[in-house]
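A structural walkthrough
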Amino acid sequence: MALGILVPSACNKATQPVDDENGKSNLIDLLGKEDKLYQDLTIQSAYKGQKMTYSVWLPNGYDENKTYPVLYLLHGYESGDQSHLDRCWVEKGNAREIAKQYVKDGGVPMIIVMPNGLSDFYMGAWEQYFHEELMPKVEKAFGGNGKRAIAGLSMGGFGTTYNALKYPDKFTYAYAMSPAVGYDMMKGMVDAQSDKSVFPPFTFEVGNQDTTVSNADTENLANYMKEQGLQVEYIARDGIHYWDFWQECLPKALKKVGESFK
Amino acid sequence: MKRILSTLALGLAILGTLQAQELTNFSLWGQKPIVSPEIQNDSVTFRLKADYATVVKLSGSWMPNPWGGTIDMTRGENNVWSVKIPLPAPEIYTYNFVVDGVAVNDPQNVLVQRDGTRYLPMLLVPGERTENYGEAKLKHGTVSHPWYHSEILGMERRLTVYTPYGYEQNTKKKYPVLYLLHGAGGDEEAWTSMGRAAQILDNLIEKGLAEPMIVVMPNGNPGQAAARTLNIPEKAYDWRDPANRDAYVKSLCTEIVPFIEKNFRAIAKPSSRAIAGLSMGGGHTISASILYPEMFDYICPLSAAGTATPEQIATLKKAGVKLYFLACGNTDFLFQGAEEMHAKLNEQGLEHIYFVSDGGHVWSNWRLYLNTFAQKLFK
């Protein structure tokens, strides 16, 4: 799909985008009937040494004077042009419609931040950018209330599990879809905490016909975590490593994440 | 001599037949050729031979949610997977198979469209809507790719130029010109690939519905010399820099237009110049009409990302407009902008056609718009 259809052109002053370092841009604002979606917002990252893109979804009935919990929703590995990967969840995952419906059905209103994870597996320099640059900036600009959850698919499932295990007190829920996991590393991260009650609850949801990631590793990790006293849900159902599967995961993830915000 | 020639002719004929057989996938081991897609009456069947696949699905742009609404295919004889679906409404669609989670093109389908850096198999469903999207019967124009020098952007840049049937023969005749602009993610081949511009113009002209015209389709990405498929390195381009603002539009109007009028038999008058564009190209169209209000008498922003102030519209009106064709889909995320533009044009008394279609920010609408407004140009 030609992603960057909305890249602003050299236009007259009336449509000149405002500087978006504070997290808002008028030209890229896609006006929904109730909710709002900002795409291709940028932050200059010192850790990554480049401009990083991200998308922000604001729920139906969003009030600028209120604060909201935040879900960080991570995409998977994509080859090719990486400049607009912040759009993946909306364009391929139908995230906007799913989130809008969730709130309409009485779900907990939340802000969804979809960062461009490039191909970094959400670790290292990206991890520092995430916690020290993106999080404070976006939660300040859009009114985060301090509660946050993390979810993602494939490489994003890895990033979800990795970040939730490494920074357990930061997240109220971790939902990993068809994740790639590093069993040994993540087992070590569980072991590193003497008090296991610090960890948030986890869900791992995998497709039985998935030939891209190792469900066996995920299942082993989930079982180990359960043995250690963590709250872990493991869902295995028919499906492959593709977006139709993750579109079915997302409503469930929003439910779990929403409950954790209460 | 005759005998040698006839033997040669026979030999070539046999060779030709063999090659044709290879192209239709006729195997010497007696396997049936796999046909995909196969349109029959009111259904279409897709087939893919995949011996070791576990799960094969079909994803098509006729589906409201192509990524989420994939259709399962069934493994058949000789590991040929297939699925038969009701024939979608007449339109051009793209589709792909998903084999164990990996998107795969249809090896049996020679028709593809290039959308940016992605090649997608194409399904053309015949009908009234698509009657001008296929090749014309007899009278075909010519598509060429001249390059122009841009002082403003500092590089040689590639154009796509369509000249109508008869252009080469009618050496005394001059033609009006439509400047047709693509959106972000596209390039100088977007309109001919996904927009079917050459076919639409050929058919309309052949049927006498459109004036024979030249169509110029430039590359609207200022850092690009040409489409990415030519593998030419791109320049980094900060559109926020005031020096770069409007640089492409300036190049279009002060470099491309004179280039065309110098190298082609183009009528160099505002009444013989039209400008149209989709999305980002719609923004370029509006910008061009603001920066150079005298230049184009026919202005067609399509699903445009851009707007104009009342003063700018008033100036344009004063400069003279023969046709302002404003189009947008009613579920397009830019629809509100189109409604506002429509209101502004009304406020300023600039008569225009406000063409609202069903659907959103998609090529099926842009083909429809071209098919519609091309018939109104230069008349």
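1. Quick look at the domain arrangement of chain B
Residue and element names in this part refer to chain B. Per the domain assignment, the segments of chain B are domain 1 (30-124) and domain 2 (142-376). On a C-alpha basis, the centres of domain 1 and domain 2 stand 34 Å from each other. Listed as interface residues are seven residues of domain 1 and, on the opposing side, seven residues of domain 2. Considering only residue class, the side of domain 1 that touches domain 2 consists of one nonpolar, three polar and three charged.

2. Points about the pairing of strand 7 (residues 174-177) of chain A
In the case of a regular strand, side chains alternate between the two sheet surfaces. Residue and element names in this part refer to chain A. With burial as the criterion, each face of strand 7 is covered, one bearing Ala174 and Ala176 and the other bearing Tyr175 and Met177. Relative to strand 7, strand 6 (residues 144-153) is paired through four bridges, and the arrangement is parallel. Residue pairing across strands places Ala151 opposite Tyr175, the latter belonging to strand 7. Each parallel crossover has a hand, and for strand 6 linked through helix 4 (residues 155-166) to strand 7 it is right-handed. The pairing of strand 7 with strand 8 (residues 202-207) spans four bridges and is parallel. Of the residues in strand 8, the one forming a bridge with Met177 is Glu205. Note on the crossover from strand 7 through helix 5 (residues 183-191) to strand 8: the handedness is right-handed.

3. Focus on the packing of helix 5 of chain A against helix 6 (residues 215-227) of chain A
All names here are of chain A. Where helix 5 contacts helix 6, the axes come no closer than 10 Å and their chain directions differ by 15°. With respect to each other, helix 5 and helix 6 are oriented roughly parallel. The two elements helix 5 and helix 6 meet at a crossing, and its hand is right-handed. Contact with helix 5, carried on its side by Tyr183, Met186, Lys187 and Val190, involves Asp217, Asn220, Leu221, Tyr224 and Met225 of helix 6 and no other residues of that element. Taken together, the residues of the contact of helix 5 with helix 6 sort by class into six nonpolar, one polar and two charged.

4. Structural notes on the pairing of strand 15 (residues 214-218) of chain B
Residue and element names in this part refer to chain B. Here strand 15 lies mainly inside the structure; five of its five residues are buried. Side chains of strand 15 alternate between two faces, with Ile214, Val216 and Pro218 and Val215 and Met217 buried alike. Bridge analysis of strand 13 (residues 155-163) against strand 15 gives four bridges, and the strand direction is antiparallel. Bridge pairing links Val161 to Val216 in strand 15. When strand 14 (residues 177-181) meets strand 15, the two strands line up parallel, connected through three bridges. Pairing of Val177 across the sheet is with Ile214, part of strand 15.

5. Focus on the nonpolar core
Counting residues in each nonpolar core, the largest one holds 160 residues, and the members touching the most others are Val56, Ile111 and Ile112 of chain A together with Leu180, Ala197, Leu201 and Val215 of chain B. No other element matches helix 7 (residues 243-261) of chain A, which puts eight residues into this core. There are two domains that each give this core at least three residues, and those are domain 1 (30-124) and domain 2 (142-376) of chain B. Leaving out residues up to four positions away in the same chain, Val215 of chain B has contacts with Tyr162, Leu178, Leu180, Ala197 and Leu201 of chain B.

About the thresholds
- Residues numbered from 1 in each chain as written.
- Chains lettered and ligands numbered in written order.
- Predicted model: local features only at pLDDT ≥ 70, side-chain atom pairs only at ≥ 80, totals over all residues.
- Domains from an automatic or database assignment.
- Contact = placed C-beta atoms within 7 Å.
- Nonpolar A, V, L, I, M, F, W, Y, C, P; charged D, E, K, R; others polar.
- Buried ≥ 20, exposed ≤ 12 C-beta atoms within 10 Å, placed from the backbone.
- Helix = DSSP H or I, 4+ residues; strand = E, 2+ residues; numbered from the N terminus.
- Pairing = 2+ DSSP bridges.
- Right-handed = clockwise from strand over helix to strand, strands pointing away.
- Axes fitted to C-alpha atoms, helices over the stretch in contact; angles between N-to-C directions.
- Parallel < 35°, antiparallel > 145°, perpendicular 65-115°, else oblique.
- Left-handed = near helix turned anticlockwise from the far one by under 90°.
- Core = buried A, V, L, I, M, F, W, Y, C linked by C-beta atoms within 7 Å.

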